[in-house]
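For reference, the chains in residue letters:
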Amino acid sequence: SWSGWWGSGLSDIPYPCVVLGGGQGDIMLQQEAGAQGGDTFNVSRLRSSSLEIREKGTEFLREQLDAAQKELKLKGEECERLSQVRDQLEQELEELTASLFEEAHKMVREANVKQAGAEKQLKEAQGKIDVLQAEVSALKTLVLTSTPSSPNRQLHPQLQSTGSRATLSRPGGHTRNKSATLSVPQLQQEPTTAPPANQEDKELDSVLFAEFLSWKEAPSLDRSSAFISRIYREDIGPCLSFTRSELSQSVQSAVENNSLTIEPVAMTVLSMVKASAIDCGSPKKCALSGLSRTCRHRIKLGDKESYYYISPSSRARITAVCNFFTYIRYIQQGLVRQDAEQMFWEVMRLRREMSVAKLGFFLTDES
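Cut-offs used in this document
Residues numbered from 1 in each chain as written. Predicted model: local features only at pLDDT ≥ 70, side-chain atom pairs only at ≥ 80, totals over all residues. Heavy atoms only, no water. Helix = DSSP H or I, 4+ residues; strand = E, 2+ residues; numbered from the N terminus. Buried < 20%, exposed > 50% of the residue type's maximum accessible area, 1.4 Å probe, protein only. Salt bridge = Lys/Arg side-chain N within 4 Å of Asp/Glu carboxyl O. Core = buried A, V, L, I, M, F, W, Y, C linked by side-chain atoms within 4.5 Å. Contact = heavy atoms within 4.5 Å. Axes fitted to C-alpha atoms, helices over the stretch in contact; angles between N-to-C directions. Parallel < 35°, antiparallel > 145°, perpendicular 65-115°, else oblique. Left-handed = near helix turned anticlockwise from the far one by under 90°. Nonpolar A, V, L, I, M, F, W, Y, C, P; charged D, E, K, R; others polar. Pairing = 2+ DSSP bridges. Expected span 1.5 Å × (residues − 1). Arc of directions from axis to C-beta. Polar contact = N/O pair within 3.5 Å; in protein donor to acceptor, adjacent residues only side chain to side chain.

### With respect to the overall build of the chain
Along its length, the chain carries nine helices and four strands. N-terminal to C-terminal, the α/β element order of the chain is α-α-α-β-α-α-α-β-α-β-β-α-α. Every one of the 367 residues in the chain was classed for burial, and the buried ones make up 29%.

Below, the structure is given as structure tokens:
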């Protein structure tokens, strides 16, 4: 029917079509022509849409490509900058490492040098300590066994018999007697007629003993104490007062500072020695007294290079003072283990030796 055809056929025609009449064949032709025209239009429209989409897609892709290229360029620049920073850091790290290694090697070398020096000083100090300990032990043994009533003959060789003293005084070569604190005093003088100690009468002087007890509480060589001041005034000063006052003062200072050296002059050298200066004396003239005497000993003051020839009398006076200072230093260092009265009488004996030496009495060594 017409309505069924229209509803089923003409509804698919994209454009309206007016049928003015005619037979069924004409209507079919018209429908076929309309269908062919619609297909052509659709194809054309699809082509134009495809071209438009392609152009837009190409344009979008081009924009994306440009953006990616710009971003890639920025990334490349950033990578190049970071690479330069990395190279710079690596170079600085290498320089710092080399500097640290060099400094470490330098510190190790310095530490090794210091360690070697410290070990050397330690060995030397240990050797000195051993020597000093041996000397202190020997001195303690000598001092502890020496009293005014029974003096030790090794500590006081002048108490030995003439034969034994001559035997002990013949060592080969020169001997050196220095007024050091730890040196054993070698007393070479004594009163010409000294009675045995156990038969000698003696009585304490209360003033002198009181001054000694006061000094013993804090023993020192300071002249501010009444005990030391009295001995300087009555014994040391007169005993070391020689004709040459300036040299006498130097000798006293050297004795006080433990820097005086007394050494014998060999007999074979006496005839060959020529005095380099009048002030130093000569083997035939005493430098302290200025008298013409045979000088068998010479002294050296501290680190000075000059030697002064002295007569036996001058040597006896100097050694008497040295012996006093040595015993006082023993007391000061706590090496004397005796009661106060025994120490006092030993000091008085040493003071008597200084007085006797000042008066010109001294022992001669026949050997």
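### Details of the pattern of salt bridges
A full pass over the atoms with the stated rule returns eleven salt bridges. One salt bridge in this structure joins D235 and R351, with 2.3 Å as the shortest N-O distance. Here the residue D235 occupies a position in helix α5 (residues 226-239), and R351 occupies one in helix α9 (residues 340-358), the gap between them amounting to 116 residues. For E263, the salt bridge identified is with R298, shortest N-O distance 2.7 Å.

### Focus on the nonpolar core
Counting residues in hydrophobic clusters, the biggest one holds 51 residues, and the most contacted among them are F212, I236, L260, I299, I318, F324 and V347. Counting residues per element, the ones that place at least two in this core are α4 (206-217), α5, α6 (245-256), β2 (260-264), β3 (297-301), β4 (307-310), α8 (312-332) and α9. Of the residues forming this core, the biggest block, ten residues, is contributed by α8. Sequence-distant contacts of I236, that is, excluding residues within four places in its chain, are made with I231, Q252, V321, F324, F325 and M354.

### Some details on the packing of α8 against α9
Running from N to C, α8 and α9 cross one another at 165 degrees; their axes reach a closest spacing of 8 Å. Our classification of the angle between α8 and α9 gives roughly antiparallel. Helix-helix and strand crossings are classified by hand; for α8 and α9 the assignment is left-handed. Where α8 approaches α9, its residues A316, R317, A320, V321, N323, F324, Y327, I328 and I331 are matched on the opposing element by M343, E346, V347, L350, E353, M354, A357 and K358. Considering only residue class, the contact of α8 with α9 consists of twelve nonpolar, one polar and four charged.

### Structural notes on the pairing of β3
For β3, the buried fraction is high: four of the five residues fall into the buried class. Of the strand pairs in this sheet, β3 and β4 are connected by four bridges, and their pairing is antiparallel. The residue bridging K300 from the neighbouring strand is Y307, located in β4. The loop that links β3 with its antiparallel partner β4 comprises five residues; one of these, G302, has a positive phi angle of about 65 degrees.

### Focus on α4
The α-helix advances 3.6 residues per turn, and as a result positions three or four apart in sequence lie on the same side. Between the first and last C-alpha of α4 there are 17 Å, a value that for twelve residues agrees with the 16 Å anticipated at 1.5 Å per step. Among the residues of α4, those classed as buried are L208, F209, E211, F212 and W215. Down the axis, α4 shows its buried residues gathered within 160 degrees of arc, on one side only. Projecting away from the buried face of α4 at angles above 90 degrees are the exposed residues S206, S214 and E217. Contact partners of the buried residues in α4: α5, α8 and α9. Its side-chain oxygen at 3.1 Å from the backbone nitrogen of V207, D205 defines the N-terminal cap of α4.

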